[in-house]
Amino acid sequence: MPFISIEGIDGSGKTEQVKLLVEHLRSAGQSVLQTKEPDGGQLGAEVRAILTRPDRRLDPVEQLLLVSAARFDHVQSIIRPALANGQWVISDRFIDSTYAFQVAVSDVDLHQLFRSTRDIVVGSTLPDLTIILDLPIEVARNRRGQRHDGVADPAEATRDFAAIQDALLTVALENPRRCHLIDADQSPSAVARDIWQLVEPFLRDSPATH
Ligand SMILES: Nc1ncnc2c1ncn2[C@@H]1O[C@H](COP(=O)(O)OP(=O)(O)O)[C@@H](O)[C@H]1O
Ligand SMILES: Cc1cn([C@H]2C[C@H](O)[C@@H](COP(=O)(O)OP(=O)(O)O)O2)c(=O)[nH]c1=O
C-alpha cells in the first residue's frame, strides 16, 4: 500500500494537512495508519524529549544517530507491519527531516553517515510520495506563535529555518519522482486540494476496504 510522508519547517501546516489527508482517504474507504517522527515509535518518544530540551544542545552527529535509532524502531514496529497489513501509511516527517535538520546544517560532512544509516534503517521502505510544504519562514514563524495544540518544542527558537527550508528544496530538486513541493501559503482547504491531486492517482491501485 502507499507510504506517504509530509515534510516542511515547523509551523508549515503538516499536522493540519496530515489530519485532512487521513480524513479524506478514510472517507474514500481506505484503511490508514497515521504516524509521525521523531516520536512515531516507543523509542522515538524518548528521543523527541531529548531533541527538544532547551537546556542541552546536541551535536548534529548525536542528533542523527538518535533519530536514526528511533526511525529503525518506527519502521520495524509500526510502518512495515501496517504496509504488510494493507494499510496506507501517512507520516508527519520522515527521512528528509534528518537530511534537513541534521545533515544540511552540520559543519562536519555527514552525507556518508546519513546514506549508510538510511540504507540500514529504511532500506527499501522509502515513501512512495513525499509532500514538502513550502512556506516563507516568517509566515511559518507567525503560525508557530498562534499554535496552541501539540507538544511544545522549546528548541524551535534555536533552529536555522532558512537553511532547513533550503535543504528541503534541495531534496525536492534531487528526488523529482518522489518529492513534490506544495505552496503552503494558501488556505488549509486549498493546500489539501493540491495534495489530493498528488495522492489521488495512488487510489487506482488501492481498492476500498469498507
Ligand atoms: N493553511 C493554513 N493557513 C493558516 N493557518 C494554518 C494553515 N495550516 C495550519 N495553520 C495553523 O498554523 C499553525 C501551525 O500549523 P501545524 O499544522 O501545527 O504545523 P506543523 O505541524 O507543520 O508545525 C496551527 O495553529 C494551524 O492551525
Ligand atoms: C524526524 C526528525 C525531526 N526533527 C525535529 C524537527 C522538529 O523541530 C522536532 C519535532 O518535530 P515535530 O514534532 O514534527 O515539530 P513540529 O510539529 O513543530 O513541526 O524534531 C529532527 O531534527 N530530525 C528528524 O529526523
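About the thresholds
Residue numbers restart at each chain and count upward from 1, following the sequence in its written direction. The naming scheme follows written order: chains are lettered A onward, ligands numbered 1 onward. Local features in a predicted model are, by the rule used here, given only for residues with pLDDT of at least 70; side-chain atom pairs are given and counted only at 80 or more, and totals for whole chains, interfaces and linings are based on all residues. Hydrogens and water are ignored here; the side-chain numbers use all heavy atoms of the structure. UniProt positions are given in the numbering used here, feature names are shortened, and annotations may be inferred rather than shown by experiment. Whether a residue is near a molecule or strand depends on its heavy atoms: it is near if one of them lies within 4 Å of it. In protein, a polar contact requires one atom able to donate a hydrogen and another able to accept it; more generally it is a pair of N or O atoms within 3.5 Å, and residues adjacent in sequence count only if both atoms are side-chain atoms. Methods summary: accessible areas were calculated by the Shrake-Rupley approach with a probe of 1.4 Å, and residue burial reflects only the protein chains presented. Counting from the N terminus, the helices are DSSP H or I runs at least four residues long and the strands are E runs at least two residues long. Salt-bridge detection follows one rule: a side-chain nitrogen of Lys or Arg within 4 Å of a carboxyl oxygen of Asp or Glu. Exposure categories follow from relative accessible area, calculated using a 1.4 Å probe and restricted to protein chains: below 20% of the type maximum is buried, above 50% is exposed, and the middle band is partly exposed.

Looking up the protein chain in an unreviewed UniProt entry gives the name Thymidylate kinase, with the organism given as Pseudomonas aphyarum. Per UniProt, the protein chain has the following entry under Function (unreviewed entry): "Phosphorylation of dTMP to form dTDP in both de novo and salvage pathways of dTTP synthesis." Its UniProt record gives the protein chain a comment under Catalytic activity (unreviewed entry), which states: "dTMP + ATP = dTDP + ADP".

Draft legend 1. Inspection of the site of ligand 2 at higher detail. In the neighbourhood of ligand 2, 16 residues make up the surrounding shell, with Asp10, Lys14, Arg93, Thr98 and Arg159 lying closest. Within the side chain of Lys14, a nitrogen or oxygen atom sits 2.8 Å from an oxygen atom of ligand 2. When ligand 2 sits alone it has 550 Å² of accessible area, and the protein chains cover 93% of it. Of all the secondary-structure elements, those providing two or more residues to the shell around ligand 2 are α3 (60–84) and α4 (95–103).

Draft legend 2. Geometry of the pattern of salt bridges. Tallied over the entire structure, the rule returns nine salt bridges. One salt bridge in this structure joins Glu37 and Arg71, with 2.7 Å as the shortest N-O distance. Of this pair, Glu37 sits in the loop between β2 (32–36) and α2 (42–51) while Arg71 sits in helix α3; the two residues are 34 residues apart in sequence, bridging distant segments of the chain. Arg71 matches Glu37 in its accessibility class, with the two residues each being buried. The salt bridge partner of Arg53 is Asp55, with a shortest N-O separation of 3.2 Å. Residue Arg53 is classed as partly exposed on the basis of its relative accessible area of 39%. Residue Asp55 is classed as exposed on the basis of its relative accessible area, which comes to 59%. Connected through salt bridges with shared partners, the residues Asp10, Arg93 and Arg159 form a single ionic network.

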